Amino acid sequence: MIVGIDLGGTNIRIGRVKEGMIVDKISKPSPSELSLEESLEYLKDAIRDMLTDEVTGIGIGVPSVLDISRGIVYHVANIPSWKEVHLKDILQKEFRLPVYINNDSNCFALGEKEYGLGRDYKDLIGVTLGTGVGVGVIINHNLYGGRNTGAGEVGCIPYLDATLEDYCGSNFFVSHYHTTGKDLADKANEGDVSALKIWGEFGTHMGKLIQTILYVYDPQLIILGGGIADAYRFFEKKMKEIMQQFPYPETVKNIEIKVSENTDISMLGAAALVSKQLSTY
């Protein structure tokens, strides 16, 4: 039994995982406004609630870059007090269990590779569309994150007047249209023409993001996850139109794009860090 943790910007989601299946789980708000000490105690309490005598390890996906061998996380997104946290040492000392930590987008990709839509693929990219854009990379069946677990962060590449992340995450809807992706999805579902037009515009930016991934990685499969991916049907057409502008038609013809089918896949990926003992590359 392994405890898998998805430390998101909005919620901490913790599951007990046995043989690739989640047998129990909880969700709590992320400690974004707490001090370092308070937030660590908050996390410890949440983990403690999920521990049993059967648990043999803890895996955590964190929205940050990190020193993977020492388990130090740096500048965690949406938890301002976590500037440099020796999380592995802290939790191993507290719980006397092995702890494995990685970037949250990497956990998403690993979860899809081990337990989801990517099981039959050698090279794949996992893309999480939420507040920002996260990218996890699987090459030749193995997770690759580079020295600091941030090798896939193509969302940070400059684009137009900002970055790809600013146009392919939820901030696009907030900053350009003063609304949310969920609200626009609800309206689009009702046939609202203005909402559908905005989703088309979003699809244009997503097409550019996919082109960038094709240039950098040329994978067999791209899996989209996160809340915005639930609205895929509203931006798929325009996204694929923009993809046709890619200079290598065979690449576009051969790429597969799927939407994640498991909302718990990042927790499963975090648990897989333990089962595969992914402490170094």
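This text goes with the structure placed above it.
**Observations concerning the environment of C107**
Phase 1: If you trace the backbone, C107 turns up in helix α3 (residues 104-115).
Phase 2: Residue classification places C107 among the buried residues on the basis of a relative accessible area of 1%.
Phase 3: Counting along the chain gives 103 residues from C107 to G4, while the straight-line C-alpha distance between them is 9.9 Å.
Phase 4: What C107 contacts, discounting residues up to four positions off in sequence, is I60, G61, N102, I265, S266, G269, A270 and L273.

**A look at the environment of I255**
Phase 1: Examined against the element boundaries, I255 turns out to sit in the loop between α9 (249-254) and β15 (256-259).
Phase 2: A relative accessible area of 11% means that I255 is categorised as buried.
Phase 3: A C-alpha to C-alpha distance of 5.5 Å links I255 and Q220, two positions 35 residues apart in sequence.
Phase 4: Beyond its immediate chain neighbours, meaning those up to four positions away, I255 contacts L214, P219, Q220, L221, I222 and M243.

**Thoughts on the packing of helix α6 (residues 181-189) against helix α7 (residues 193-216)**
Phase 1: Orientation of α6 relative to α7, taken along the N-to-C sense of each, is 125 degrees, at an axis distance of 8 Å. Compared by their axis directions, α6 and α7 come out oblique. Our pair here, α6 against α7, has a crossing hand that is left-handed. Contacts between α6 and α7 involve G181, L184, A185, K187 and A188 on the former and, on the latter, A195, L196, I198 and W199.

**Structural notes on helix α8 (residues 232-243)**
Phase 1: Taken together, the buried positions of α8 are occupied by Y232, F234, F235, M239, I242 and M243. Along the long axis of α8, the arc covered by the buried residues comes to 135 degrees, so they all point the same way. Exposed residues on α8 whose side chains face more than 90 degrees from its buried face are R233 and K237.
Phase 2: Buried residues belonging to α8 abut β9 (124-129), α6, α7, β14 (221-225), α9 and β15.

So, how was this worked out
- For every chain, the first residue of the written sequence is number 1, and numbering continues from 1 onward in sequence order.
- Note on the predicted model: pLDDT of at least 70 is required for a residue's local features to be given, and 80 or more for side-chain atom pairs to be given and counted; whole-chain, interface and lining totals, by contrast, use all residues.
- The side-chain numbers reported here are obtained from all heavy atoms of the structure, hydrogens and water having been left aside.
- For helices the rule is a DSSP run of H or I covering at least 4 residues; for strands it is a run of E covering at least 2, with both sets numbered from the N terminus onward.
- In this scheme, a residue with accessible area under 20% of its type's maximum is buried, one over 50% is exposed, and one in between is partly exposed, where area comes from a 1.4 Å probe on protein chains only.
- Pairs of residues are marked as contacts when any of their non-hydrogen atoms sit within 4.5 Å.
- Under this scheme, a helix contributes an axis fitted over its contacting stretch, all axes are lines through C-alpha atoms, and angles between N-to-C directions fall in the 0 to 180 degree range.
- These descriptions rest on fixed angle ranges, namely under 35 degrees for roughly parallel, over 145 for roughly antiparallel, 65 to 115 for roughly perpendicular, and the rest for oblique.
- The crossing is said to be left-handed when, going from far helix to near helix, the turn is anticlockwise and less than a right angle, and right-handed when the turn is clockwise.
- Note: the arc covers the axis-to-C-beta directions of the helix.

Read these as spatial facts, not as claims about activity.
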